[in-house]
Amino acid sequence: MSDGNAWIEIVLLAMLAAFIGLRLVSVLGKRTGQERPIGDSFRPSTEVVPAPRREADRPVRGRLVLPAGTDAALQPILEDIAAADIGFAPEKFLDGARFAYGMILEAFWSGNLGSLHGLASDEVLDNLGAAIDARGAARLGNTLVAVDAAIIHGADLVGTMIEMTVRFSARVSTADGETESHDLWTFSRLAGSPDPAWVLIATDNEADSSDMLPDHLD
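About the thresholds
- Residues numbered from 1 in each chain as written.
- Predicted model: local features only at pLDDT ≥ 70, side-chain atom pairs only at ≥ 80, totals over all residues.
- Heavy atoms only, no water.
- Helix = DSSP H or I, 4+ residues; strand = E, 2+ residues; numbered from the N terminus.
- Buried < 20%, exposed > 50% of the residue type's maximum accessible area, 1.4 Å probe, protein only.
- Phe/Tyr/Trp six-rings, centres within 6.5 Å; stacked < 30°, edge-to-face > 60°.
- Lys NZ or Arg CZ within 6 Å of the ring centre and 35° of its normal.
- 1 Å grid on protein atoms, 1.4 Å probe; cavity = no way out; pocket = protein on both sides within 12 Å on 5 of 7 lines; lining within 4 Å.
- Points joined across faces, edges and corners; volume = space filled by probe spheres on them.
- Core = buried A, V, L, I, M, F, W, Y, C linked by side-chain atoms within 4.5 Å.
- Contact = heavy atoms within 4.5 Å.
- Salt bridge = Lys/Arg side-chain N within 4 Å of Asp/Glu carboxyl O.

Draft legend 1. Representation of unusual backbone geometry in the model. Residues other than glycine seldom take positive phi values, yet A137 does so here, at roughly 60 degrees. Take A137: it is sitting in the loop between α4 (122–134) and β1 (143–158). The exposure class of A137 is partly exposed, given its relative accessible area of 49%.

Draft legend 2. Layout of the environment of L200. With respect to the helices and strands, the residue L200 is situated in strand β4 (residues 199–205). Note on L200: relative accessible area 0%, which makes it buried. Taking the C-alpha atoms as reference points, L200 and L116, 84 residues apart in sequence, are found 9.7 Å from one another.

Draft legend 3. Structural context of the packing of aromatic side chains. The final tally for this structure, using the stated rule, is eight aromatic pairs. When the centroid spacing of 5.7 Å and the interplanar angle of 70 degrees are considered together, the rings of F168 and W185 count as edge-to-face. On the criterion of sequence distance, the pair formed by F168 in strand β2 (residues 161–174) and W185 in strand β3 (residues 177–190) is long-range, its members being 17 residues apart. Grouping residues by exposure puts F168 and W185 together as buried. When the ring centre of F108 is taken as reference, the NZ or CZ atom of R135 above it lies at 4.8 Å. Lying across the ring of W198, R189 places its NZ or CZ 5.8 Å from the centre.

Draft legend 4. Inspection of the layout of surface pockets at higher detail. Approximately 390 Å³ is the volume attributed to the largest pocket. If you trace the largest pocket, you find 19 residues lining it, with K92, R189, P196, A197 and W198 closest to the centre. Among the secondary structure elements, those contributing two or more residues to the lining of the largest pocket are α3 (90–110) and β3. For the lining of the largest pocket, the element with the most residues is α3, which contributes six residues.

Draft legend 5. Quick peek at the nonpolar core. L78, F88, F93, M164, F168, W185 and F187 are the most contacted members of the largest nonpolar core, which totals 43 residues. Put simply, the parts of the chain that give this core at least two residues each are α2 (75–84), α3, α4, β1, β2 and β3. The contact partners of F187, leaving out residues within four places of it in the chain, are F93, A97, A100, I162, E163, M164, V166, F168, W198, V199 and L200.

Draft legend 6. Focus on the environment of G136. Its location among the elements puts G136 in the loop between α4 and β1. Classification of G136 by relative accessible area gives exposed; the value is 59%. Taking the C-alpha atoms as reference, G136 lies 9.8 Å from G111; in sequence the two are 25 residues apart.

Draft legend 7. Spotlight on the pattern of salt bridges. Summed over all chains, the structure comprises three salt bridges. For R189, the salt bridge goes to D85, with nearest N and O atoms at 2.1 Å. Of this pair, R189 sits in strand β3 while D85 sits in the loop between α2 and α3, and the two are 104 residues apart along the sequence. Both residues of the pair, R189 and D85, count as buried. For D148, the salt bridge goes to R171, with nearest N and O atoms at 3.0 Å. Here R171 lies in strand β2 and D148 lies in strand β1, a separation of 23 residues in the sequence.

Structure, rendered in structure tokens:
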């Protein structure tokens, strides 16, 4: 009789275990084999997670707009320069070139080159100083009336160095009256440099005049 009771207890326990198992499955759902083991949330994941895509540091630049009078053949090289130097803008560059043109001429005419350090290369400054000495350091009474035109005449990218040649058409008041001057000046700077300054590295003018900067300062 005791053996019968033991078997009844075993059967009842088995039925109870089966019932509890079915309830757990219905409540928790079935495992799919894709679940992460308990504790994985606290371990570094070995899965390769793509890094979030960052927006470009700068917006995509469209086709470079050339200032009026610029030779269309210069478009490719100017595009290359703009790609190498994010701060380059042709109009802005020409505005600065106009300012430098007037400032350098005034310094040459006055015979005081002290204000030009950083605006002209050492070689150009040496040549200007020699020209001033050749005229006996006399001050010229010239005045820049107007810069009628400043056009990008040439451009080059030599490694990381940018060279830009500008053709200036200007009117100058001299002791002999007003005269026109046409000059080719070449400026240079390091692409991407935080210093926005351009340095004059060469000059040329159509007229061989002591009133203007001497030719071929290069």
